Amino acid sequence: MRKTWTIAELTVRDVLRRRGVIVLMLLLPTAFYLLRHNDSPGQSVRLLCLGLSWGVSTAGLFVAASARAVEPRLRLSGYATAQLYLGRLCALWTLGFALLVPFAVVVRFDHPWMRPAGIVLAMAFCVLIGAPLGLLIGGLLPRELEGMLLLLIVCALQMMVNPDDLLMEMLPLWSSREIGIWAVDEPDDLGYLLRGVAAGVAWTIALVGLVGGVSAVRLRRRAHVRAL
Amino acid sequence: MQDWFDVFRSALLRRGVPHATVRQVVEEARAHTGDSGEPPLSAFGGPEAYADAVVASLTPTDPGRTRAPRGDVLLRARGITKRFGRRTVLRDVALDVHAGEVLAIVGANGCGKSTLLKICAGMVSPDSGTVEIAGRVGYCPQDGGTIEFLTADEHFQLVGAGRGLGRADAREHGRTWAGRLDWADPGATQARHLSGGTRQKLNLTMSALSEPDVLLLDEPYQGFDRGTYLNFWDLVWAWRDRGRAVVVVTHLLAELDKVDTVLTLGESR
């Protein structure tokens, strides 16, 4: 456990020292929130969630890129693969939830008629899904630019696909959209909440599993190495 | 101009005296000259010679370095072949490195020296062949291998935790190893602000910190000044004398008298 916490602690420090990244992580959801703030409060909260997830997954992408050269050495010095990726995941979730708090407070006072628990839950799934999504893309694509473009495709699809289209239900942040509808537009229909939570849990588990799988393959003990 | 105490401190660190002991010895020397009013040069003589005397006094038994006899094989590679596309970079390469032995891998640019080292470290798979290792492996790349926004102490903490060291112990060990490369104050500088040579000192220190039995060093002296370069070879010999197996990739043929065995790649092709 100590090794996992060491990775988590040093990842948090690594991210916090990138001041430009922190500013942009705050700016992105803020800009999304303000975009439709006056004419469509519900849409502005959904965009806020999307911005939050985009910010966290971008941080995950950079964390994965930054760790890529060091992780094989850390494996040699005694870390298990799971300790490495779970440590980074814990760090990103911690940062994401810290980022969530001020936005949740703003929405609470800005739109007191919305369900606060629903808004927080929708944001929480954005963080829970965004962190492993960024790590996964960073693990699959070694170059940051390629990773950024793939992340952009995922987020753009999330924004532009018709809500009634089946494709929308297959996108990672559909869960946050469904919970958002329950919190903002349809407070009496629990179906939105249940579908949203189920999809959010499934995506979180699937993405964490995929990050683990990709890390295990990348940092595997090679078959040609044996103990003497 | 450097203060006598700074030179003395640096000399102790280079001789491998633990960081905490160095701090204590320097403070005692300062206190002595403060009390007596005598300049340190007349009280203790030259800082390098005094550092030798202190090191000798800290080593109660035989202070001379005795080389351990060559021991069992710690690293064995057989039939290593590696192709990149249609180009065969390594063909049926074999090597044995024993405990207490330094092996140099030499060869022209692009002959597969670094690839062979990565195959030995288990970071790259060969197309065929096996690598057998006894004990723990340490690997030092020729560049990269650090995290830009973390300080040297945090890198020590990161690697130290891998072998179960607490934060303070990891920092102490790391600073002691850094001192042996004439890097007196690793402290709070982030890796991105370090010069190329100092970054390599950090890389080398990280490799040493995990106390490996087999050390794989890929031209680790890039950017070292002459003094550090000589300290680096002192360090390699110290590892060898402690029964470690050391493999150094190099393209400098003048270094070959510093090693026990030489493996030249690309000769048969």
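Residues numbered from 1 in each chain as written. Chains lettered and ligands numbered in written order. Predicted model: local features only at pLDDT ≥ 70, side-chain atom pairs only at ≥ 80, totals over all residues. Heavy atoms only, no water.

A separate point is the overall build of chain B. Across its full length, chain B carries 9 helices and 8 strands. Scaling as 2.2 N^0.38, a compact globule of 269 residues should have a C-alpha radius of gyration of about 18 Å, and chain B matches this with 20 Å. Its C-alpha atoms give chain B principal-axis dimensions of roughly 75 × 40 × 35 Å. When each of the 269 residues of chain B is scored for burial, the buried share is 54%. Nonlocal contacts in chain B, meaning residues at least 24 apart in sequence, comprise 73% of its contacts between residues at least 6 apart. Put simply, chain B shows about 11,500 Å² of open surface, and 48% of that area lies on carbon and sulfur atoms. Charge separation in chain B, taken as the distance between the mean sites of 32 positive and 34 negative side-chain charges, equals 7 Å. (Helix = DSSP H or I, 4+ residues; strand = E, 2+ residues; numbered from the N terminus. Rg over C-alpha atoms; globule rule 2.2 N^0.38 Å. Buried < 20%, exposed > 50% of the residue type's maximum accessible area, 1.4 Å probe, protein only. Contact = heavy atoms within 4.5 Å. Areas by Shrake-Rupley, 256 points an atom, 1.4 Å probe, with all protein chains shown as cover. Lys, Arg positive; Asp, Glu negative; His and termini not counted. Charge placed at Lys NZ, Arg CZ, Asp CG, Glu CD.)

With 16 residues, helix α9 (residues 226-241) of chain B should reach 22 Å at 1.5 Å per residue; the first-to-last C-alpha distance of 23 Å fits that figure. Just downstream of α9(B) lies B:Gly243, where phi reads positive at about 85°. (Expected span 1.5 Å × (residues − 1).)

Residue and element names in this part refer to chain B. The phi dihedral of Glu211 falls on the positive side, at around 50°, and the residue is not glycine. Here Glu211 lies in the loop between α8 (196-209) and β6 (214-218). At Glu219, a position not held by glycine, the phi torsion is positive, near 40°. Given the relative accessible area of 7%, Glu219 is considered buried.

Take the interface of chain A and chain B next. If you look at the interface, chain A gives 27 residues, while chain B gives 43 residues. Buried area between chain A and chain B, summed over both chains or domains, comes out near 3,000 Å², and the portion from carbon and sulfur atoms is 57%. Per-residue buried area on chain A facing chain B is highest for A:Arg73, A:His224 and A:Leu228; these three make up 27% of the total on that side. On the surface where chain A and chain B come into contact, there are 3 salt bridges. (Buried area = accessible area lost by both parts, 1.4 Å probe. Salt bridge = Lys/Arg side-chain N within 4 Å of Asp/Glu carboxyl O.)

What follows covers the UniProt feature "transmembrane region" (unreviewed entry) in chain A. Residues and elements named next belong to chain A. UniProt's entry tags residues 21-38, 44-64, 85-105, 117-138, 145-161 and 192-217 with the feature "transmembrane region" (unreviewed entry), counted in the numbering of this structure. Annotation note: span residues 44-64, helix share 100%, strand share 0%, distance between end C-alpha atoms 30 Å. The distance from the first to the last C-alpha atom of residues 85-105 is 31 Å, and the span holds 100% helix and 0% strand. (UniProt positions renumbered as here; feature names shortened; annotations may be inferred.)

Here the focus is the state of the cysteines. A complete count under the given rule lists 0 disulfides over all chains for this structure. In this structure A:Cys126 is not part of a disulfide, and its nearest cysteine sulfur, from A:Cys49, lies 4.3 Å away. Summary of cysteine pairing: B:Cys120 is not part of a disulfide, and the nearest cysteine sulfur, belonging to B:Cys111, is at 13 Å. (Disulfide = S-S within 2.5 Å.)

Residues and elements named next belong to chain A. Together, Leu150, Ile153, Leu157, Leu166, Leu167 and Met170 make up an exposed nonpolar region whose accessible area comes to about 530 Å². Listing elements by their share of the nonpolar patch, those giving two or more residues are α7 (144-160) and α8 (166-169). Ranked by residues supplied to the nonpolar patch, first place goes to α7 with 3 residues. Positionally, Leu157 belongs in helix α7. With relative accessibility at 33%, the residue Leu157 sits in the partly exposed group. (Patch = residues over 30% accessible without salt bridge, like charges linked within 9 Å, V, L, I, M, F, W, Y side chains within 5 Å.)

Moving on, we get to empty space enclosed by the protein. For the structure on display, the rule yields 3 cavities of 30 Å³ or more. Counted as a void, the largest cavity has a volume near 150 Å³. Along its surface, the largest cavity is lined by 15 residues, and A:Ala64, A:Glu71, A:Leu135, A:Ser215 and A:Arg218 are the ones closest to its centre. When its residues are assigned to classes, the lining of the largest cavity shows 8 nonpolar, 3 polar and 4 charged. For the second largest cavity, the full set of lining residues is A:Val70, A:Arg73, A:Leu74, A:Leu76, A:Ser77, B:Val137, B:Gly138, B:Tyr139, B:Val159, B:Met206, B:Ser207 and B:Ser210. Residue assignment for the lining of the second largest cavity shows that the elements contributing at least two residues are α4 (71-76) of chain A together with β5 (137-140) and α8 of chain B. (1 Å grid on protein atoms, 1.4 Å probe; cavity = no way out; pocket = protein on both sides within 12 Å on 5 of 7 lines; lining within 4 Å. Points joined across faces, edges and corners; volume = space filled by probe spheres on them. Nonpolar A, V, L, I, M, F, W, Y, C, P; charged D, E, K, R; others polar.)

Taken over all residues, the pLDDT of chain B has a mean of 85, while the share at 70 or more is 91%. When mean pLDDT is compared element by element in chain B, strand β4 (residues 128-133) of chain B scores highest at 96, while helix α4 (residues 47-58) of chain B scores lowest at 76. (pLDDT = per-residue confidence, 0-100.)

Residue and element names in this part refer to chain B. Scanning all chains against the criterion turns up 11 aromatic pairs over all chains. The interplanar angle of 40° and the centroid separation of 6.2 Å between the aromatic rings of Trp4 and Tyr50 together place this pair among those described as tilted. With Trp4 in helix α1 (residues 4-14) and Tyr50 in helix α4, the pair connects residues that are 46 residues apart, well separated along the chain. For Trp4, a relative accessible area of 12% corresponds to the buried category. (Phe/Tyr/Trp six-rings, centres within 6.5 Å; stacked < 30°, edge-to-face > 60°.)

This part is about the environment of A:Leu99. Residue and element names in this part refer to chain A. Its place among the elements puts Leu99 in helix α5 (residues 81-110). For Leu99, a relative accessible area of 10% gives the class buried. The spatial distance from the C-alpha of Leu99 to the C-alpha of Gly55 is 9.6 Å, given a sequence separation of 44 residues. With residues up to four places along the chain from it excluded, the contact list for Leu99 reads Met25, Leu26 and Leu52.

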